[in-house]
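Close look at the chain arrangement
Residues per chain are reported as follows:
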Amino acid sequence: MAIEVAMPQMGESVVEGTITKWLVKEGDIVREDQPLCEISTDKVDTEIPSPAAGRIATIVAHEGETVPVGGRLALIEEARAAARQKAPEVAPAPPIQPKAEPQPAPALRELRPRVGGVAAAAVARSEEPRPETAVRAAGAPRRYSPVVMRMAQEHGIDLDRISGTGIDGRVTKRDLLEYLDSLRGAAAPARKPAASEKPAAAPPPAAPSAVYSPPIYQPREGDVVESFSRRRKLIAEHMVYSKTHSPHVGTLAEVDMSAVMSLREQHKAAFQEREGFALTVLPLVAAATVRALKEFPRMNGAVAGDSLVIRREINLGIAMDTEEGLLVPVIKRAEGMSVVGIAREIERLRRKVADRKITADDLAGGSFTLSNPGREGNLFGFAIINQPQLGILRMGELKKRPVVIEVNGQDAIAIRPMMYLALSYDHRVIDGVLGNRFLYRTARIIEEADFAL
């Protein structure tokens, strides 16, 4: 009996995955839960484990292919059947190759921003959907990816008017872009001149406009060329998309960390013994950020077309660095957590990232992001907003500096541990007054250090 290995569902918005590497080959004997292949989605890279022990009978999807969720990847012959075929006293019959079923070709990757006509055309040619994928079951509800819904809201498009070519008739980003192009290409009817009007003189031919093309560096001997990984490409596209769609504004606050450091020093030994990991400044700053977001809920919103959606839940993203690029796992429903609860969740997500077990659901649904690049010269910097959020808060290095304080009504100079907090916000819906008030309140909460540990 053949066991099918299928593309799993890895998050609500993930509809497909790309085979990046097979770890086994046809004929190999595998055990249950042994990694079979590596796949990459627009959310996360992961491994697909074997659903049972046996022999790899057929590899259906090859490296580089994009397979929809539920699509067939391989067939495994159960261990007992494979053992019977390998018994020396019985001549094995030729293995019956399972009849290859038509596989739906990969739908166009919907979560990739359009970065240029040539690139879009290349993607369209390489990921042309099969005709049968355009058929949708009668009466079935239509589902759309978040990117398609956002684009439709931005342009005021009724998606029911567009014929989808994706899986089960899904409207893909390519379908929507082609529909928009068709609308733009519809020429307005020319006005006929009145009989009394003289024909207008033909305008002089316009001089050809020079289009700037940046020079491309050609590698020379001794240079090291590193090709972008798929994750790095997605990060690059996401960052460019964010900068071109959200007018970024940055504002900076200086925070006296004396009270926070004193609180941490008092509790770090007991915390380490009770929780099994160290208490850092990050969960304290995260708790202050969540508290400020409760007081300024507009900062926890998202733009949807011509509207602002203020989210009910605070899902705080924590930027974490990996060897393959930045990941932002999300603390879900952080508004109901204590400092200790936030610290536990940060540690849980950190371990999953370190063990390469982070899932698409761990990375989805963030409403605001906190970034902590660490030490070593990180005075301050303004981060790029993680779409579709409205803001990102970046921590600077904690550093002792001389500052002016007031003692008994007199100015004095003291040495204090100081840190810069840099806020980047979307000026489409967040004005300077609100951005500054949110940042000021976050800084004051940290300086008061009124946290229960």
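Provided above is the structure to which this section pertains.
A brief structural summary. (Residues numbered from 1 in each chain as written. Predicted model: local features only at pLDDT ≥ 70, side-chain atom pairs only at ≥ 80, totals over all residues. Heavy atoms only, no water.)

**Here we look at the overall build of the chain**
Along the backbone of the chain there are 10 helices and 18 strands. Out of the 453 residues in the chain, the part that is buried amounts to 43%. In the chain, of all internal contacts separated by at least 6 residues, the share reaching a separation of at least 24 is 65%. Total accessible area computed for the chain in this model is approximately 26,100 Å², and 54% of it derives from carbon and sulfur atoms. (Helix = DSSP H or I, 4+ residues; strand = E, 2+ residues; numbered from the N terminus. Buried < 20%, exposed > 50% of the residue type's maximum accessible area, 1.4 Å probe, protein only. Contact = heavy atoms within 4.5 Å. Areas by Shrake-Rupley, 256 points an atom, 1.4 Å probe, with all protein chains shown as cover.)

**Some thoughts on the sheet that holds strand E7 (residues 66-68)**
Reading across the sheet, the 4 strands line up as E5-E4-E2-E7 and stay open at both edges, with antiparallel pairing between neighbours. Across the chains shown, the open sheet's two edge strands, defined by having one partner strand only, are strand E5 (45-49) and E7. When the angles between neighbouring strand axes are averaged without regard to direction, this sheet yields 40 degrees. The pairing of strand E4 (residues 35-40) with E5 spans 5 bridges and is antiparallel. Counterpart to Cys37 in the pairing with E5 is Ile48. (Pairing = 2+ DSSP bridges. Axes fitted to C-alpha atoms, helices over the stretch in contact; angles between N-to-C directions.)

**A few points about the packing of helix H7 (residues 282-295) against helix H8 (residues 339-354)**
In helix packing, the relevant descriptors are the interaxial angle and the interaxial distance, both defined with respect to the helix axes. Where H7 meets H8, the axes come as close as 9 Å, and the angle between the chain directions of the two elements is 120 degrees. Regarding the angle of H7 to H8, the classification is oblique. Between H7 and H8 lies a crossing of right-handed hand. The residues of H8 that touch H7, namely those facing Leu282, Pro283, Leu284, Ala286, Ala287 and Val290, are Val339, Ile342, Ala343 and Ile346. (Parallel < 35°, antiparallel > 145°, perpendicular 65-115°, else oblique. Left-handed = near helix turned anticlockwise from the far one by under 90°.)

**Some details on unusual backbone geometry**
Between Gln387 and Pro388 the backbone carries a cis peptide bond, its omega angle lying at 5 degrees. You can see Pro388 is positioned in the loop between strand E15 (368-371) and strand E16 (391-395). At Asp33, a residue that is not glycine, the phi angle is positive and equals roughly 70 degrees. Tracing the backbone through its elements, the reader meets Asp33 in the loop between strand E3 (29-30) and E4. A positive phi angle, near 60 degrees, is found at Arg356, a position not held by glycine.

**Comments concerning the nonpolar core**
Counting 74 residues, the largest nonpolar core has Trp22, Leu73, Met299 and Leu370 as the members making the most contacts within it. With 9 residues, H7 is the largest single contributor of residues to this core. The residues touching Trp22, leaving out its near neighbours within four places in the chain, are Leu36, Cys37, Ile59, Ala61, His62, Glu63, Leu73 and Ala74. In terms of nonpolar packing, the next biggest core, distinct from the first, is built from 10 residues, Met151, Ala152, Ile157 and Val171 among them. (Core = buried A, V, L, I, M, F, W, Y, C linked by side-chain atoms within 4.5 Å.)

**With respect to the pairing of strand E1 (residues 2-6)**
The alternating pattern of E1 places Ile3 and Val5 on a buried face and Ala2, Glu4 and Ala6 on a face that is not buried. For E1 and strand E8 (residues 72-78), the ladder comprises 5 bridges, and the chain directions are antiparallel. The partner of Ala2 across the bridge, within E8, is Glu77.

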